[in-house]
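If you want the building blocks of each chain, they are given just below.
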Amino acid sequence: TIVKAVENGRNIYKNIKSAIQFLLSGNFAGILAVLYASLANLPVPFAPVHLLFINLITDSLPAIAIGMEPPEEGLLKEPPRNPKEGILTASFIRDILVQGALIAAATMWAYTAGLHEGGAGRACTMAFSTLTLARLFHGFNCRSKHNIFKLGFSSNWYSLGAFAAGVVLLGIVMFVPFMQNLFSVTPLTQSQLINVCLLAAVPTVLIQMFKIIRDIKHRK
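As the structure is a computational prediction, the values presented were derived from the model and not from experiment. (Residues numbered from 1 in each chain as written. Predicted model: local features only at pLDDT ≥ 70, side-chain atom pairs only at ≥ 80, totals over all residues. Heavy atoms only, no water.)

Draft legend 1. Expanded view of the overall build of the protein. Across its full length, the protein carries nine helices and zero strands. In the protein, the succession of helices and strands from N to C terminus is α-α-α-α-α-α-α-α-α. Relative to its length of 220 residues, the protein is compact, with a C-alpha radius of gyration of 18 Å against a globular reference of 17 Å. Seen along its three principal axes, the alpha-carbon backbone of the protein occupies a region of about 60 × 35 × 30 Å. Counting only residues that meet the buried cut, the protein has 43% of its 220 residues in that class. (Helix = DSSP H or I, 4+ residues; strand = E, 2+ residues; numbered from the N terminus. Rg over C-alpha atoms; globule rule 2.2 N^0.38 Å. Buried < 20%, exposed > 50% of the residue type's maximum accessible area, 1.4 Å probe, protein only.)

This is how it looks when you write it as structure tokens:
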């Protein structure tokens, strides 16, 4: 019973940190995107309803799924954490800043492309959809410090369900005429939708590549 309690305690603490990392890095990306647009004297990249949709709906689903992450193999083999050490350590803050910057870069790339291809309305739509989808992908990054292939997609079905639900909700906003008007989004062309999907996936691909390399080095 004591061993199981220690394992559960460690896992709960890990999941809390992972959820905080997911929320802070995603919000930092949004802040950077708005800051970039302001400094460059560009139109605001997000409408207030866009940020409400991201924070209240699409962000909450992956965060809840991260909280349901089961204990990893070897969790009890790790040394105890320092009880005096806070959650916001230097490495933790570094990961938040780097991951947030990657998501922001992809978002502003989509925003800039939208400005050149269709004006402020299309740019706003591309930035909103890219940021939303990128943060849904980012939920997989924050499940663990290990890469997703080592962790396994099926080890937490809640994360897959959260991603699927988030994509469906985004699709409703993007393609249903009534929701388009409600959320002030502009219909995108097929090539623009493909660009949004690719740009949204790039931060997760880069983060996972880094984790794969790090896991390989640790095995050696």
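Draft legend 2. Molecular detail of the environment of F178. Here F178 shows up in helix 8 (residues 177–182). On a C-alpha basis, the gap between F178 and S60 in space is 24 Å, while along the polypeptide they are 118 residues apart.

Draft legend 3. Layout of the packing of aromatic side chains. Under the definition given, this model contains six aromatic pairs. Geometrically, the ring pair formed by F53 and F183 is edge-to-face, given 5.4 Å between the ring centres and 80° between the ring planes. Linking F53 in helix 2 (residues 48–58) with F183 in the loop between helix 8 and helix 9 (190–219), this pair joins segments that are 130 residues apart in sequence. The class for F183 is buried, based on a relative accessible area of 9%. (Phe/Tyr/Trp six-rings, centres within 6.5 Å; stacked < 30°, edge-to-face > 60°.)

Draft legend 4. Examining the side chain of R122 more closely. Turning to its location among the elements, R122 is positioned in helix 5 (residues 120–141). Here R122 occupies a buried position and makes no salt bridge, while the nearest side chain of opposite charge, E117, is found at 6.3 Å. (Lys, Arg positive; Asp, Glu negative; His and termini not counted. Salt bridge = Lys/Arg side-chain N within 4 Å of Asp/Glu carboxyl O.)

Draft legend 5. Inspection of a nonpolar patch on the surface at higher detail. Judged by side-chain polarity, V168, I172, V176, F178 and L182 come together as a nonpolar surface patch covering roughly 450 Å² of accessible area. You can see I172 is positioned in helix 7 (residues 157–175). Residue I172 is classed as partly exposed on the basis of its relative accessible area of 35%. (Patch = residues over 30% accessible without salt bridge, like charges linked within 9 Å, V, L, I, M, F, W, Y side chains within 5 Å. Areas by Shrake-Rupley, 256 points an atom, 1.4 Å probe, with all protein chains shown as cover.)

Draft legend 6. Structural detail: helix 7. Look at helix 7: 27 Å from first C-alpha to last across 19 residues, which is about the 27 Å you get at 1.5 Å a residue. Looking only at helix 7, the buried set comprises S159, A162, F163, G166, L170, G171, V173 and M174. As for helix 7, its buried residues are in contact with helix 2, helix 3 (60–67), helix 5 and helix 8. For helix 7, the side-chain oxygen to backbone nitrogen distance between the N-cap and Y158 is 3.1 Å, and the N-cap itself is N156. (Expected span 1.5 Å × (residues − 1). Contact = heavy atoms within 4.5 Å. Polar contact = N/O pair within 3.5 Å; in protein donor to acceptor, adjacent residues only side chain to side chain.)

Draft legend 7. View of the packing of helix 5 against helix 7. Here helix 5 crosses helix 7 at 170°, and the two axes come no closer than 9 Å. Taken as axis vectors, helix 5 and helix 7 run roughly antiparallel relative to one another. Only S159, L160, A162, F163, G166, V167, L170, V173 and M174 of helix 7 make contact with helix 5, whose side of the interface consists of T125, F128, S129, T132, L133, L136, F137 and F140. Within the contact of helix 5 with helix 7, the residues separate by chemical class into twelve nonpolar, five polar and no charged. (Axes fitted to C-alpha atoms, helices over the stretch in contact; angles between N-to-C directions. Parallel < 35°, antiparallel > 145°, perpendicular 65-115°, else oblique. Nonpolar A, V, L, I, M, F, W, Y, C, P; charged D, E, K, R; others polar.)

Draft legend 8. Focus on helix 3. Taken residue by residue, helix 3 has P62, A63, A65 and I66 as its buried positions. Along the long axis of helix 3, the arc covered by the buried residues comes to 160°, so they all point the same way. Where helix 3 is buried, its residues meet helix 1 (2–39), helix 2, helix 5 and helix 7. (Arc of directions from axis to C-beta.)

Draft legend 9. Inspection of the pattern of salt bridges at higher detail. Counting across every chain of the model gives six salt bridges. Salt-bridge contacts for R143 lead to E69; the nearest nitrogen and oxygen are separated by 2.9 Å. Of the two residues, R143 is situated in the loop between helix 5 and helix 6 (148–151) and E69 in the loop between helix 3 and helix 4 (90–118); the sequence distance between them amounts to 74 residues. Across the pair, E69 and R143 agree in class, each one buried. Linking K145 and E78 is a salt bridge whose minimum nitrogen-to-oxygen distance equals 3.5 Å. Here K145 is found in the loop between helix 5 and helix 6, whereas its partner E78 is found in the loop between helix 3 and helix 4, with 67 residues between them in sequence.

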